[in-house]
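This is what each chain is made of:
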Number of protein chains: 4
Amino acid sequence: MDVWESGERQISWAARSMPVLTAIGERFGLERPLDGLKIAACLHVTAETAVLMGALKAGGAEIALAASNPLSTRDDVAEALRAYGIAVHARAGVDRPTYYRHIHQALDLGPDLVLDDGCDLVNILHTERTDLLAGVGGGCEETTTGIIRLRQMTAEHALKFPVVAVNDTRTKRMFDNRYGTGQSTLDGIMRATNVMLAGRTVVVAGFGFCGRGVAERAKGFGARVIVTEIDAVKALDATLQGYEVRPMAQAALLGDLFITVTGNRDVIRAEHLAAMKDGAILANAGHFDVEIDVRALDELAVEVIRGVRPNTDEYVMPDGRRLLLLAEGRLVNLTAAEGHPAAVMDMSFSAQALAVAWLAGERARLEPGVYDVPPEIDHEVARLKLAATGIGIDELTAEQEDYLHSWRVGS
Amino acid sequence: MDVWESGERQISWAARSMPVLTAIGERFGLERPLDGLKIAACLHVTAETAVLMGALKAGGAEIALAASNPLSTRDDVAEALRAYGIAVHARAGVDRPTYYRHIHQALDLGPDLVLDDGCDLVNILHTERTDLLAGVGGGCEETTTGIIRLRQMTAEHALKFPVVAVNDTRTKRMFDNRYGTGQSTLDGIMRATNVMLAGRTVVVAGFGFCGRGVAERAKGFGARVIVTEIDAVKALDATLQGYEVRPMAQAALLGDLFITVTGNRDVIRAEHLAAMKDGAILANAGHFDVEIDVRALDELAVEVIRGVRPNTDEYVMPDGRRLLLLAEGRLVNLTAAEGHPAAVMDMSFSAQALAVAWLAGERARLEPGVYDVPPEIDHEVARLKLAATGIGIDELTAEQEDYLHSWRVGS
Amino acid sequence: MDVWESGERQISWAARSMPVLTAIGERFGLERPLDGLKIAACLHVTAETAVLMGALKAGGAEIALAASNPLSTRDDVAEALRAYGIAVHARAGVDRPTYYRHIHQALDLGPDLVLDDGCDLVNILHTERTDLLAGVGGGCEETTTGIIRLRQMTAEHALKFPVVAVNDTRTKRMFDNRYGTGQSTLDGIMRATNVMLAGRTVVVAGFGFCGRGVAERAKGFGARVIVTEIDAVKALDATLQGYEVRPMAQAALLGDLFITVTGNRDVIRAEHLAAMKDGAILANAGHFDVEIDVRALDELAVEVIRGVRPNTDEYVMPDGRRLLLLAEGRLVNLTAAEGHPAAVMDMSFSAQALAVAWLAGERARLEPGVYDVPPEIDHEVARLKLAATGIGIDELTAEQEDYLHSWRVGS
Amino acid sequence: MDVWESGERQISWAARSMPVLTAIGERFGLERPLDGLKIAACLHVTAETAVLMGALKAGGAEIALAASNPLSTRDDVAEALRAYGIAVHARAGVDRPTYYRHIHQALDLGPDLVLDDGCDLVNILHTERTDLLAGVGGGCEETTTGIIRLRQMTAEHALKFPVVAVNDTRTKRMFDNRYGTGQSTLDGIMRATNVMLAGRTVVVAGFGFCGRGVAERAKGFGARVIVTEIDAVKALDATLQGYEVRPMAQAALLGDLFITVTGNRDVIRAEHLAAMKDGAILANAGHFDVEIDVRALDELAVEVIRGVRPNTDEYVMPDGRRLLLLAEGRLVNLTAAEGHPAAVMDMSFSAQALAVAWLAGERARLEPGVYDVPPEIDHEVARLKLAATGIGIDELTAEQEDYLHSWRVGS
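For chain A, an unreviewed UniProt entry supplies the name Adenosylhomocysteinase and the organism Nonomuraea diastatica. Under the heading Catalytic activity (unreviewed entry), UniProt records this for chain A: "S-adenosyl-L-homocysteine + H2O = L-homocysteine + adenosine". Annotation of chain A in UniProt includes, under Sequence similarities (unreviewed entry), the sentence "Belongs to the adenosylhomocysteinase family."

Rendered as structure tokens:
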């Protein structure tokens, strides 16, 4: 199997796991919403991205792609994309100057629209390639970090075109936070420990969207779930869903497994570690590795045995208790499992494809600034996902449309 | 047992089911946030309202109460309230002129603040008692209908003081829509039919907050649940929660029990009725009795047998099938069961009590208009509810406060 | 509507809720398994029994029916049965001598087979009507109490014909204990108290089939469920299903609602009552009213307020706490709700109808004694129930039959 | 880390995951139930077995251990056991003659009791070492296959001492079939495919203990679960638990993921494979690899792509659909995940340790033959498991004992 075939195969596997994006690509092939447009993209060069590139090309776009991170570049995928007529400026493991040169090469296309993942391409456009700015009608940005930079640029009137923040839509949030994180967190814990969850007490710290998903899955495995929260409304909701709610100081005494997913630091601290049962397992599913105070754990321990199981370190306490830390306190679903299933990328890349088509039509009417994904795109993604699953829903009759309208104005 | 004692007993029973409002009353007794203020209220004169009146009086207010609906007035409760020093202008079953005279009598107090349920009192203030307007610092309105009228008044610059819309807070919505409606709908269906739900196919039309609650409870009884929707995002969410989603045309063939909770009309129509199984049960949990097309059912039927069970009518179709309509298509949880448990009123009246105290402090700074309940009041209600249930939650450490703050600004 | 019509209507309503028995009646009409046989029955004269009688008559039997309890006799149903050609010797509210005369009148038929509910008819046969014994080929007994008497008779070699114990089959146990009791217990508690279950702590004492059903339904309503047990294996199973397990001494401190379903006495005792929270609700779903020590409750209370809600008595403790006892500690599902749905009777009467047909065929080959319902009858009831619900299952292929057979002998 | 230390560490890790067996070992140390007894064992020489050996030695036994399978022997564990004073006759990967020589060496001890796993040691005792038979008071056998051989020996009056069948107790079945297989099957599927389960349709073929466990876990992940069965009673139970039940011919059209767990062959056949959706996933959790007709799949496929993911092969159908077969149709939980968690071994080895102590006391009174584990041992294991988890249960009062007794005799 040569390089091109290997890349081809990966793309085709990804495509089969991304039915919505595939359907959009097919429709784009008929409707050609991007005919004659040039797109410069700076994204992870992976099989999933390749499916997105394919959809945009089917829509009529000419594309140049650079890598948003040289570590994630799949050279075989890049090769297959080139064979498909997309200019890929990327190679695995290149150094920093080469990384930036690649972005410049992608920009050399003279893009009408741009796709970014971390804001590097947009940044270069606004600093080193201002000559191209006039031609750019709009862009998409994939990451929260990138959005924050773009909002600062907007506040300083520096941003010169409209950008759609494609990282957050209702459909993506469902797939990503609640159901994606829920499943992959438990998956990571099982791979790391092979512990039986039925009958165990699982403490879930945080009852946001992710925490809710984690709690549901732990309950679904037959665990007794205890929730900790700092927000009274979320805590009340947890009780109404049948969960026990306790402060961490109490939960620390009861848990067999602790999963932090709060977005805050030091949720599990020395005082909690001191109270835990022998054999307690500590896992983090929050974005940063600050939720479990690993430094405190290190200081308390008289011995640390690394790798008692894959991604599992054992900390021996002075009183002989042993605490098990998974994935060094980093995201357990990414480290010990495989992160989000392809279904999640299908949601977010589909929103991105539709946002690009929307920008193509609307760019002349849009002021510079950061835009949410229009709700109709979110609905369209949901609609296509249902269709891909073979699920039909109802449509409003004319009388129902009238009724809703009249009711909403209060008659 | 005399009238006063009967009223007293009902109030005391209600108070025990309203621990949050009771706790607020106790705190008001210490803090006296309403000292010297006059409050005119137009509310249902029931035991639950009496607990609210008690809390406000404990807070220092002088109160005059009229009935917002003469049909719901409990004379024994009114008597007990009078003995407690509250001026009650209400009697069960009075005629329309007396109803309005009672409101005028309540207004004669010369209120600083007003509580309304349907906007009648506020309306009279702005039309017939404009002399009192200058003294009124603010008000609360309980109903959606009233809020719509107040928003129209605001749009026309007619509203002369700030009004808090106390009908909708996150805590009330949880207790009311999702968990309250969920439970009471199933309760009503069991009382009406005594049907065993395990193993039956239940079709839930609508997957908003109420529909979600109904679906959860039906699943909790061992039913196979099918959801119908018109909104693709909600439909997708339903599938991710493990529900089957189908158009009503398909679901009609499969359901043993249909529950409409959409907020729209004619969700179950002639075409669906024609397709249903013999013995199918039809119930509505949406606000208005328009969701099931009862007229179509009447027209299709060759015979209607009223009252085969309490709140259950049997419609015989030309082909011999029999469909069972509960509560004539009106709200099954109110008609066949008892509507919301007292815990729901505890949430909304507690928000109302705290909103009154907030208005007392803020009224000088507030423009006329309709205000949402401030989020801190919602949190306070949740906090008190947890405390009443003996549930503790965590508090942020100083480091955590810092971290959240710094993170939110994007560092 | 005359008496006959009223009875007719009730029977037809019951028949529609008993699809399995109705299907058996239809098949009996074709196959005539009881042609020429005389059946004397002593059963509750209700609409459900009428459907059973109809099935047996359709099968070719000549029937005489007496009441097993004069209090449950529905005179209008009796009248409708007579019009259908069944000799009914029963009238509501008759005295004891008349009750026994009715049984004798039914026996005057000279039965080939007998149906009994409590063993009175069989007892009279073996004591006062021994002349008829030679003609009796077999019988069915409906109750546990009756079965105990029959086993004693067998032990003493007194029983003269085979009797099928139709009170206990796998399908009936499912419908009755687990799903029937589960649902009706929660139903009874809601009717009695209208309490919101989401977020409440429900203590279920006993994790047998009934307790399991009750726990599942309480969990299905969003309650936090705590199980108490005396059997370690059942307790372990409860933990593996995600329930908290605690001794009652601990659970007493935590519960908002207590449901006993153990089959034992004094499961909730003075020491537990003394520890409970203000407002705790006590309900029993076990067969006898001995599970909650009501005498202890009476002795502890300084005041008892009967009927604060239907089927709800309030006991005021010396320290001011108030405990609520439902249905005086008797079966809450029968007292405050309506007991088992018709679907349960459908299961047990269907087994009875098939057992009668089985006896008709096998009686010559059977020794006197008590027989379980043959497993093939249980499977047939389940099969018909699935068919009535429109559910198909797989059948073994010839290869699969061979494989199972060969595997079971250990090759 | 030398060999001994490596073995020591594994044993100590296993011991921490086996709290019940550890507690039994501690108790044995005090009570010395095996004082002076010689035990010959033929078991897998693994860390878990080492914990069992430790418990028996603590109880006073002198032990000789041979391997029941040379492939599973851990030499480092063997070394650590020798250091602990147990005679281990085993080495990884030895040839067949050596394997048998090891068993003979273990028997040279002249055992009072024997432990066997597959009946080889017992077989040699009854054929080649009959001189030792007189001294053997009893044994334990771990496997179903071994039990079948022992029952045949009993039928032929060949077995000379009592043997306890320790492979099946209620507690082991809970941990093993329902909760163990349930979790590990889903675990294996996630590791193999990383597919998101929420919103997918999962078809579970077979609703025995294992199927029930698999269905519960799939539901717990947010899947829509369809059950297929050949047994009407089990099928009915599945519907009452809220599952859809369908014949495989229908389910084949609907499923995204199929899991067979029936104990039968060809549950998924050519006709079903022909009907499945593109991308359908096939996994087996039944003991033998005959449940999915892999030969039919091979014959239908125009192309087979091995290893598209770990343990995942893709079969391309003539119409272009692609079916994914996991683990070549073998047990997915063992092949793609890690089989049972240590908690399962804790249950079965604890029953074995207690059975040995029971045999030590009872052997003089027992006839040759196969014995079930006495129920009190099962209860004791459950009791110890609850204690290890810190869970207390109730004990009967004297009055309750009396009541139960009197009730059971029917008064």
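That was the structure; now back to the text.
### A word on the sheet that holds strand β9 (residues 244–245) of chain C
Strands sit in the order β9-β8-β7-β10-β11-β14-β13-β12 (chain C) across an open sheet of eight strands; the sheet is mixed. This sheet does not close on itself; its edge strands, each paired only once, are β9 and β12 (303–309) of chain C. Sheet topology places β12(C) next to strand β13 (residues 312–316) of chain C; four bridges connect them, and they run antiparallel. Pairing of C:I305 across the sheet is with C:E314, part of β13(C). Those strands touched by helix α1 (residues 3–16) of chain B are β12, β13 and β14 (322–326) of chain C, and its axis lies near 85° from that of β12(C).

### Concerning the interface of chain B and chain A
The partner chain A presents 53 residues to the 54 residues of chain B that form the contact. Sorting the residues of chain B by area buried against chain A places B:V233, B:D394 and B:Y403 first, and these three jointly supply 15% of that buried surface. Counting across the interface, chain B meets chain A through zero salt bridges. The interface formed by chain B and chain A holds 13 residue pairs in polar contact (both at pLDDT 80 or more) in total.

### Brief notes about the confidence of the model for chain A
Detailed reading of the predicted coordinates is not advisable wherever pLDDT falls low. Residue and element names in this part refer to chain A. The predicted model of chain A averages 93 in pLDDT, with 98% of residues at 70 or higher. Note on residues 407–411: pLDDT under 50 across the span, and four contacts to partners over four residues away in sequence or across chains. Reported confidences for the modelled complex are a pTM of 0.93 and an ipTM of 0.92.

### Focus on the state of the cysteines
All names here are of chain D. One pass over the structure, following the stated rule, counts zero disulfides over all chains. Distance from the sulfur of C140, which forms no disulfide, to the nearest cysteine sulfur (C119) is 13 Å. The class for C140 is buried, based on a relative accessible area of 2%.

### Topic: the interface of chain C and chain A
At the interface, 13 residues of chain C touch 13 residues of chain A. Summing the contributions of chain C and of chain A, the shared interface buries around 870 Å²; its carbon and sulfur component is 59%. Counting the contacts that link chain C with chain A gives two salt bridges. Its salt-bridge partner being C:R224, residue A:E244 comes within 3.3 Å of it at the nearest N-O pair.

### Comments concerning helix α2 (residues 19–31) of chain A
All names here are of chain A. Taking 1.5 Å per residue, 13 residues should reach 18 Å; α2 reaches 18 Å between its end C-alpha atoms and fits that length. Among the residues making up α2, those that are buried are V20, L21, I24, G25 and F28. Along the axis of α2, the buried positions cluster into a sector of 140°, meaning they face one direction only. Among the exposed residues of α2, those oriented more than 90 degrees off its buried face are E26 and L30. Summarising the contacts, the buried residues of α2 are in contact with α3 (47–58), α15 (342–362) and α16 (375–388). Once α2 finishes, R32 follows within two positions and takes phi at roughly 50°, a positive value.

### Some details on the relation of the copies chain B and chain A
The operation relating chain B to chain A is a screw motion whose rotation component is 180°, with 0.1 Å of axial translation and a residual RMSD of 0.1 Å. Expressed as an axis order, the relation between the two copies is that of a two-fold axis. Of all interface residues in chain B, 96% are interface residues in chain A too; the two copies therefore contact each other through one and the same surface.

### Overview of the packing of aromatic side chains
As enumerated under the stated definition, the model contains ten aromatic pairs over all chains in all. Centre to centre, the rings of A:Y99 and A:Y100 are 5.0 Å apart; their planes meet at 70°, and the pair counts as edge-to-face. Note that A:R173 overlies the ring of A:F209, its terminal NZ or CZ placed 5.7 Å from the centroid. A cation sits over an aromatic face here: D:K219 above D:Y243, 4.7 Å from the ring centre.

How each quantity is defined
Residues numbered from 1 in each chain as written. Chains lettered and ligands numbered in written order. Predicted model: local features only at pLDDT ≥ 70, side-chain atom pairs only at ≥ 80, totals over all residues. Heavy atoms only, no water. UniProt positions renumbered as here; feature names shortened; annotations may be inferred. Pairing = 2+ DSSP bridges. Helix = DSSP H or I, 4+ residues; strand = E, 2+ residues; numbered from the N terminus. Contact = heavy atoms within 4.5 Å. Axes fitted to C-alpha atoms, helices over the stretch in contact; angles between N-to-C directions. Buried area = accessible area lost by both parts, 1.4 Å probe. Salt bridge = Lys/Arg side-chain N within 4 Å of Asp/Glu carboxyl O. Polar contact = N/O pair within 3.5 Å; in protein donor to acceptor, adjacent residues only side chain to side chain. pLDDT = per-residue confidence, 0-100. Disulfide = S-S within 2.5 Å. Buried < 20%, exposed > 50% of the residue type's maximum accessible area, 1.4 Å probe, protein only. Expected span 1.5 Å × (residues − 1). Arc of directions from axis to C-beta. Least-squares fit on C-alpha atoms with pLDDT ≥ 70 in both. Phe/Tyr/Trp six-rings, centres within 6.5 Å; stacked < 30°, edge-to-face > 60°. Lys NZ or Arg CZ within 6 Å of the ring centre and 35° of its normal.

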